[in-house]
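Report on the structure
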Amino acid sequence: MSSIDLSRFHRTFFEESFEGLDAMESALLKLDPASVDAETINTIFRAAHSIKGGAGTFGFSAVASFTHHVETLLDRVRSGQRQVSREDTDLLLRAVDVMRAMLKAASEGDALDVALIADVQRALERSLDVSAAATAPAAPEATVATTEKPIESGWAIRFVPKPELFASGNDPLRILRELTTLGPAEIDCDTASLPSLREAESDLCYLAWTIRLRGDATRSQVQELFSWVEDECRLEVEPLIAEAIAEVPPDVAADATADATATAAAVAAAIPAAPTPAPATRPALSVVEGGREPRDKAGEGGSIRVGTEKIDALINLVGELVITQAMLMQQAAQLDPVHNERLLQGLSQLDRNTRMLQEAVMSTRMLPMDFVFSRFPRVVRDLAGKLGKQVRLSTIGEHTELDKSVIERIADPLNHLVRNALDHGLESVEARVAAGKDPCGTIRLSASHQGGNILIEVADDGRGLDRERILAKARERGIAVTDGISDAEVWQLIFAPGFSTAATVTDVSGRGVGMDVVKKNIQALGGRVEIATRLGHGMTVSIRLPLTLAILDGMSVRVGSEIFIVPLGAVVESLQPRAEQVKSLAAQGHVIKVRNEYVPLAELATLFGIDGEAREAHDGILVLMEAEGRKIAARVDELVGQQQVVIKSLESNYRRVRGISGATILGDGRVALILDVAALVQLFSMQAQAA
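Reference entry: report on the structure contained in this document. Keep in mind that this is a model prediction, so the values were computed, not measured.

Another point: helix H15 (residues 411–425). Taking 1.5 Å per residue as the helical rise, H15 with its 15 residues ought to reach 21 Å, and the 20 Å between its terminal C-alpha atoms agrees with that figure. Along H15, the residues that are buried comprise Ala411, Pro413, Leu414, Leu417, Val418, Asn420, Ala421, Leu422, Asp423 and Gly425.

A word on the side chain of glutamine 581. Within the element layout of this structure, glutamine 581 appears in the loop between strand E16 (571–575) and strand E17 (582–584). We classify glutamine 581 as buried; its relative accessible area is 12%. A polar atom in the side chain of glutamine 581 sits 2.8 Å from the backbone nitrogen of arginine 578. If we skip the residues at most four places from it in the chain, glutamine 581 touches Val591, Ile592 and Lys593.

The end-to-end C-alpha separation of helix H2 (residues 38–57) is 28 Å, in line with the 28 Å expected for 20 residues at 1.5 Å each. Summarising burial for H2: 15 of the 20 residues are buried, a large majority. Phi for glycine 59, located one or two positions after H2, is positive at around 85°.

Core analysis: the largest hydrophobic core is formed by 51 residues, its most contacted members being Met369, Leu414, Ile456 and Leu545. Excluding its chain neighbours within four sequence positions, the residues that come into contact with isoleucine 456 are Met369, Ile410, Leu414, Ser446, Ala447, Val541, Ser542, Ile543 and Leu545. Formed by 39 residues, the second largest nonpolar core is a distinct cluster that contains Leu21, Phe58, Val96 and Val120.

With that out of the way, let us pick up the sheet that holds strand E24 (residues 671–675). The sheet built from 5 strands is open, its strands ordered E22-E14-E15-E24-E23 with mixed pairing. Each edge of the open sheet carries a strand with a single partner, namely strand E22 (638–646) and strand E23 (660–665). The mean angle between the axes of side-by-side strands here comes to 35°, regardless of whether they run parallel or antiparallel.

What follows is about unusual backbone geometry. Phi at arginine 595 is positive, roughly 50°, even though this residue is not glycine. With respect to the secondary-structure elements, arginine 595 resides in the loop between strand E18 (590–594) and strand E19 (597–603). The exposure class of arginine 595 is exposed, given its relative accessible area of 65%. Although it is not a glycine, asparagine 596 adopts a positive phi angle of roughly 65°. With respect to the helices and strands, the residue asparagine 596 is situated in the loop between E18 and E19.

Glancing now at the side chain of glutamate 71. By the secondary structure assignment, glutamate 71 is in helix H3 (residues 61–78). Sequence-distant contacts of glutamate 71, that is, excluding residues within four places in its chain, are made with Phe45, His49 and Lys52.

Quick look at the packing of aromatic side chains now. Overall, the coordinates contain 6 aromatic pairs when judged by the stated rule. With a centroid separation of 5.7 Å and 10° between ring planes, the pair formed by phenylalanine 13 and phenylalanine 60 is classed as stacked. With phenylalanine 13 in helix H1 (residues 10–30) and phenylalanine 60 in the loop between H2 and H3, this residue pair connects regions lying 47 residues apart in the sequence. Residue phenylalanine 60 is classed as buried on the basis of its relative accessible area of 16%. Between phenylalanine 159 and phenylalanine 226, the aromatic rings sit 5.0 Å apart at their centres with planes inclined by 65°, giving edge-to-face as the arrangement. Residue phenylalanine 159 is located in strand E1 (residues 155–161), and its partner phenylalanine 226 is located in the loop between helix H7 (219–225) and strand E4 (233–239); the two are separated by 67 residues in the primary sequence. Considered together, phenylalanine 159 and phenylalanine 226 belong to a single accessibility category, that of buried residues. Taken together, the aromatic side chains of Phe13, Phe14 and Phe60 make up a single cluster linked through ring pairs.

Right, let's get into the pairing of strand E21 (residues 630–636). Across the 7 residues of E21, 5 count as buried, placing the element largely inside the fold. As paired elements, strand E20 (residues 621–627) and E21 share 7 bridges and run antiparallel to each other. Looking at E21, one finds that valine 623 is bridged to alanine 634. Once E20 ends, the chain turns through 2 residues before running back antiparallel as E21, passing glutamate 628 with a positive phi of about 55°.

For the rest of this paragraph, the subject is the sheet that holds strand E12 (residues 528–534). The pairing of strands in a sheet happens through backbone hydrogen bonds and is either parallel or antiparallel. Strand order in the open sheet made by the 5 strands is E8-E10-E11-E13-E12, with mixed pairing throughout. Across the chains shown, the open sheet's two edge strands, defined by having one partner strand only, are strand E8 (390–396) and E12. Recorded for the sheet is a direction-independent mean angle of 15° between the axes of neighbouring strands. Here 7 bridges tie E12 to strand E13 (residues 538–546), and the two strands are oriented antiparallel to one another. Bridge pairing in E13 links glutamate 530 to serine 542. Against the sheet, H15 makes contact with E8, strand E10 (440–450), strand E11 (453–460) and E13, and its axis sits at roughly 20° relative to E11, the strand it touches most.

What counts and how
- Residues numbered from 1 in each chain as written.
- Predicted model: local features only at pLDDT ≥ 70, side-chain atom pairs only at ≥ 80, totals over all residues.
- Heavy atoms only, no water.
- Helix = DSSP H or I, 4+ residues; strand = E, 2+ residues; numbered from the N terminus.
- Expected span 1.5 Å × (residues − 1).
- Buried < 20%, exposed > 50% of the residue type's maximum accessible area, 1.4 Å probe, protein only.
- Polar contact = N/O pair within 3.5 Å; in protein donor to acceptor, adjacent residues only side chain to side chain.
- Contact = heavy atoms within 4.5 Å.
- Core = buried A, V, L, I, M, F, W, Y, C linked by side-chain atoms within 4.5 Å.
- Pairing = 2+ DSSP bridges.
- Axes fitted to C-alpha atoms, helices over the stretch in contact; angles between N-to-C directions.
- Phe/Tyr/Trp six-rings, centres within 6.5 Å; stacked < 30°, edge-to-face > 60°.

Following this line, the structure appears as C-alpha cells:
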C-alpha cells in the first residue's frame, strides 16, 4: 500500500495559514468588547480552526496543539460562555504573533522563541481555567439549549460525499482525522457505491462513512468539522443511544477505527490527493511566489494560484509582442492605404487586440492597497499603547489596485511614515487638550488613481513641521541653506540622511534613519515624495508612483541622433526660450527664467556625450521637468511624440548609468534610454547652487 505524500501541499498550507492569520488579526482589531459582533467572532474562530486542522493533517503537531487553546477560548466566546474583554483581545493578538512565528519556523527553518511560546500558552491556559471556573455555577441553566448540550453518549454521523468532492480540493480523510480529536470514534467505511475497476474514475469519490462518536462534543462542534464540505455532501448528525455504545468495548472500537481509516486510505491512494481547503477569506485570485495550487470549485467564482514567475514570463512576452506590433505599424505607415486597405485594417485590429491583451495580463499582477493598509491597524494600536497616545486610524481607497512588485516594495516606506506620524507628528494627550484639539489624534491613509499613477497619502492632524526649527537643524549639520528657499525645499530637508529634529532618541525614532530610506525606496520605484504641512495643524506626505514597473507613459524626445523617453508624470511643460530668458552663472552653467522662477538648464548632449553642433544656450526646445519639488529645463532638438513604452532594466542587462532609469525598444528596433528625472534634478540643481 502506497502512502499519500502530503509534503507537496506544504507550500499551499503555509500560504493559506498566513492568510488566515491576517484575517484573524484584522478581525481582532475590529472587535469591540462593548458590542461583540457574532460574525466577527465566527470569522476568527473559522480561521483558527482551519489552521489547527491543517497543522494536524500535515504533521505540525506543535502548531496544532497551541492553536487548540486559541480555538477553545474562541469557542467559549462564540457559545456565550465567556464575555470577550480587551485583555482577551490583547492575548489573542499575542497568540496570533506566536502562531505566525511557529508557522514561519516550520516553513523557513527560523529559530523559535521557546520562552515566548510557553509564556503565551500559559496565559491562554490560565485564561481558560478562569473562564471555566466563572461559568461553572451557570451550568444547570445551560441545559435549556438541548441541541448544543454536550451529549455524553455521543453522536451518530452519516457522511456521504458527492462524487465530485475531490475537484474542489477537499479531503474526507482529513475531516475524519479531525473528528477523532473530539473523542473516541468508531468509523465504518461504506464501499457499496464503489464500481468495478474498469468503470471507476480516479477523480470521483465513491465512499461514504458511518461514524459513532463518543464523548461530550456538541452538535455545533461536529458540524463545524464538515463546514468546508457542507454543500458537497449529505450529512446526518443524530444523538447516539448510550446503551448501544456501551455494547462496544473500547479496544474493539479502536481497532475498527484503525481498520476503517486504513481501508479509506488505501482507496484514496489511487485518487489524486487534494490539499487543505482554503480559508473563507481567500481572495478571488491570489498570486503566490512559485508553488502549485489546485483548482477551486468548478464554475463561477473559480480561482487558481499561479506562480509569479509564470506571470512575469507572460508579461515579458506581451511586451515583446507590443514592440513587434509597433514595428509593424511603423512599416505600415509607408504603405499606400488604397492598395493595402485590408492589410492596414488587420494591423489596426491587431493594435487594439494587443493593447487589450496587455491590459488584461497586467491586471493579473494588480493587488488592492488593502494588501498593505491592513497591517497598519496593528502597528498603530501597539505603538500608540507604547507611547501612551490615543490614535484613530482611517483608511480610504483600500480597493485601489497597484502592481504586486510595487505594492510589496512600498510597505516599508509606508511603515516608516506611519510610525513617524505617530511618534513625531501627533502630540501627547495632554498637549492636544492644551491646544484645544481632540485628545484622540487621527492618522489617515488614502490611495487613489491619478492618470497613469497612484497617489498614496499619509496624513495626520498633529503639530506639523516647523520651518525655522528645520532650517536651524540644517545649519547645525552643515547643510548650506538660505532664508529665502521655498517651503517645498525646506520640507525636503527632512529626507537628508541622518536628519532628525527629535529632542531624544528612542527605540521608535530619533536617530535620523527612516525618512531618507523612504525617499530612496520611492525613487527606486520611479516615484516622488511631496510634503504639505501647516504648523499646529498636521502634515500630509504624498507619494506618487507608477501603477506598474513594466509599462511607462512617456514623451519621446530627440537629442542629436539619440531618442530619449521622459516619464510623462515628470513633464511640466515644453517651451522655446528667448535669448533674454537665459542667464549664465559664472561660466559654469545656465539658468532660464520661467514665470519669475530661475530653473537650471540641463544640457543632455553634454551629459551623455552626444556629438552635435555647438549652439547658443537658447537654441532648441526646453522640456521643463519636476521632481522632489525642484525643476530643471532639459534642452532637446525635437519633440518626437507621446507613447507607452515597455521598460527594460538597463542595470541587469548592461550597467547602471547616471541619469538613466531604464531602456525601451522603439518601433523601428532602436533602443531609447529612459531619463531618471529625480537624478537629473539633483545633479543640475547642485551644479547651479555650486555656481
